[in-house]
Amino acid sequence: MCQENIITPKKKVLSCIQPSGMLTLGNYLGALKNWVAMQDEFECTFAVADLHAITVRQDPAALRSQIYSTYALLLALGIDPEKNTVFIQSHVPEHANLSWLLSCNTQFGEMSRMTQFKDKSAKHPENVNVGLFSYPVLMAADILLYKPDFVPVGADQKQHLEIARDIATRFNNIYGDVFTIPEPYIPKAGARIMSLQDPNKKMSKSDDNPNAWVAILDDKDTIIRKFKRAVTDSEACVRMSEDKPGISNLITIYSTVTSKTVAEVEKEFEGKGYGDFKMAVGEAVADTLAPVKQRYDEIIKDKKALEALYREGARKAEKVACKTYFKAMKKVGFVI
Ligand code: ATP
Ligand code: LTN
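Please read these numbers as outputs of a predicted model, since none were measured by experiment.

Q: Even after reading the chapter, I still don't get the site of ligand 1, so can you show me in this structure?
A: Lining the immediate surroundings of ligand 1 are 21 residues, of which Lys120, Asp156, Lys202, Ser204 and Lys205 lie closest. One nitrogen or oxygen atom from the main chain of glycine 154 is found 2.8 Å from an oxygen atom belonging to ligand 1. Of the pockets mapped on this structure, ligand 1 occupies the largest pocket. Top element by residues in the shell around ligand 1 is helix α1 (residues 25-38). It accounts for four residues.

Rendered as structure tokens:
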């Protein structure tokens, strides 16, 4: 008798990252580490969200080079462009197109509640542009085009994910089923890595103070120097506590990078000073990132090979994006 082979399709994953500066340890632990881990089990689509980056003024030459380097860094981290779809957002015009359909189905009031908009407009009062305001709608379009089950992001993106789910649910209710409602996928540890200079603020690659963040591509000496300068407290006791945000952040980083539990870390540094602990965190982070930098230096040299990969990524992405976009257009009543 012939046995039927039932193959269940893989669940889908989508995420994006902005090329708005040097990618940081926060990006790595909060999001990229999961992207790498998910690629075996899931059908993954990853993009460099270049359209998002211009919500803040970018120097054109710097933006171009950051788009290349962000794409190359994804490969250096171990994301396989053959197994997954890895592309540059602006190469697939359906992102901006769908964003318009969704904008007309999103309320001004719901956008006004977004905390990232409030933070970024306070930081750049001279450029509170409409794109910065409607940015979560473009993010919803990025996601909904690919019908993912999961979206791996850091904790700061939870609110944007919720709005994407609301927009999708509302659209489906009005026009009929088009979009899958995605689930956020937020890591238990490392979802919110804090600034090394102000541990009450998240580590952000657009922070003007380079001592506040560790770049994935920083060399060992720089990484160790930044950890040595990290702001802590005067208690000199390595323990996790809400009133010790600096040390708690370093414990989170060390435990995530070494896969040790918080209790193990506290025990390891019992009776030791902050100097020893900071050195150990710096070394552990530098050792984790060194091979990534080595691979990156190789990959970035070959622009032709890189171009072939991102073009092919866009071709694969467009095939999927087109289908969803035209289905949405048709449902809304456009003549196709
Ligand atoms: P910017 O500082 O320019 O706003 P960003 O680093 O906050 O940039 P993205 O580059 O788009 O924003 O972030 C990519 C991913 O990294 C997102 O999933 C985000 O949640 C995650 N991420 C960013 N910063 C941190 C952090 N400090 N801790 C954990 N995850 C983070
Ligand atoms: N808004 C995100 C980056 C981003 C994204 C996305 C994340 C743009 N499009 C789609 C997940 C899915 C940020 O600023 N961190």
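That was the structure; now back to the text.
Q: Which parts of the structure should I look at to understand a nonpolar patch on the surface?
A: On the surface, Phe326, Phe334 and Ile336 cluster together to form a nonpolar patch covering roughly 300 Å² of accessible area. Within the secondary structure, isoleucine 336 is located in the segment after α13 (303-332).

Q: What am I meant to see in the packing of aromatic side chains here?
A: The geometry of an aromatic ring pair is captured by two quantities: the separation of the ring centres and the angle between the planes. Overall, the coordinates contain 14 aromatic pairs when judged by the stated rule. Ring geometry for tyrosine 254 and phenylalanine 277: centres 6.0 Å apart, planes at 75 degrees, overall edge-to-face. With tyrosine 254 in helix α10 (residues 245-258) and phenylalanine 277 in helix α12 (residues 274-299), the pair connects residues that are 23 residues apart, well separated along the chain. Both residues of the pair, tyrosine 254 and phenylalanine 277, belong to the buried class. Through pairs of rings, three or more aromatic residues link up here, namely Phe42, Phe150 and Tyr185. Sitting above the plane of the tyrosine 68 ring, lysine 303 keeps its charged end 4.7 Å from the centroid.

Q: Just to check I follow, could you spell out α12 for this structure?
A: Within an α-helix, residues lying three or four positions from one another point in the same direction, as the helix has 3.6 residues per turn. Taking 1.5 Å of rise per residue, the 26 residues of α12 would be expected to cover 38 Å, and the 37 Å separating its terminal C-alpha atoms lies within 8% of that figure. Where α12 bends most, the angle comes to about 35 degrees, and this point is leucine 289, followed within four residues by the proline proline 291. Along α12, the residues classified as buried are Tyr274, Phe277, Lys278, Val281, Gly282, Ala284, Val285, Ala286, Leu289, Val292 and Tyr296. Buried residues along α12 sit against α1, α3 (60-76), α9 (220-228), α10 and α11 (262-268).

Q: What is the right way to read empty space enclosed by the protein from this model?
A: One way to see where empty space is left: roll a probe the size of a water molecule over the atoms. Summed over all chains, the structure comprises one cavity of 30 Å³ or more. Its volume calculated, the largest cavity comes out at about 50 Å³. Lining the largest cavity we find Met114, Gln116, Phe117, Lys120, Leu132, Phe133, Tyr135, Pro136 and His160. For the lining of the largest cavity, the element with the most residues is helix α7 (residues 130-144), which contributes four residues.

Rules of the game
- Residues numbered from 1 in each chain as written.
- Chains lettered and ligands numbered in written order.
- Predicted model: local features only at pLDDT ≥ 70, side-chain atom pairs only at ≥ 80, totals over all residues.
- Heavy atoms only, no water.
- Near = heavy atom within 4 Å.
- Polar contact = N/O pair within 3.5 Å; in protein donor to acceptor, adjacent residues only side chain to side chain.
- 1 Å grid on protein atoms, 1.4 Å probe; cavity = no way out; pocket = protein on both sides within 12 Å on 5 of 7 lines; lining within 4 Å.
- Sits in = over half its atoms within 2 Å of the grid points.
- Helix = DSSP H or I, 4+ residues; strand = E, 2+ residues; numbered from the N terminus.
- Patch = residues over 30% accessible without salt bridge, like charges linked within 9 Å, V, L, I, M, F, W, Y side chains within 5 Å.
- Areas by Shrake-Rupley, 256 points an atom, 1.4 Å probe, with all protein chains shown as cover.
- Salt bridge = Lys/Arg side-chain N within 4 Å of Asp/Glu carboxyl O.
- Phe/Tyr/Trp six-rings, centres within 6.5 Å; stacked < 30°, edge-to-face > 60°.
- Buried < 20%, exposed > 50% of the residue type's maximum accessible area, 1.4 Å probe, protein only.
- Lys NZ or Arg CZ within 6 Å of the ring centre and 35° of its normal.
- Expected span 1.5 Å × (residues − 1).
- Bend = angle between axes of the 7 residues up to and from the residue.
- Contact = heavy atoms within 4.5 Å.
- Points joined across faces, edges and corners; volume = space filled by probe spheres on them.

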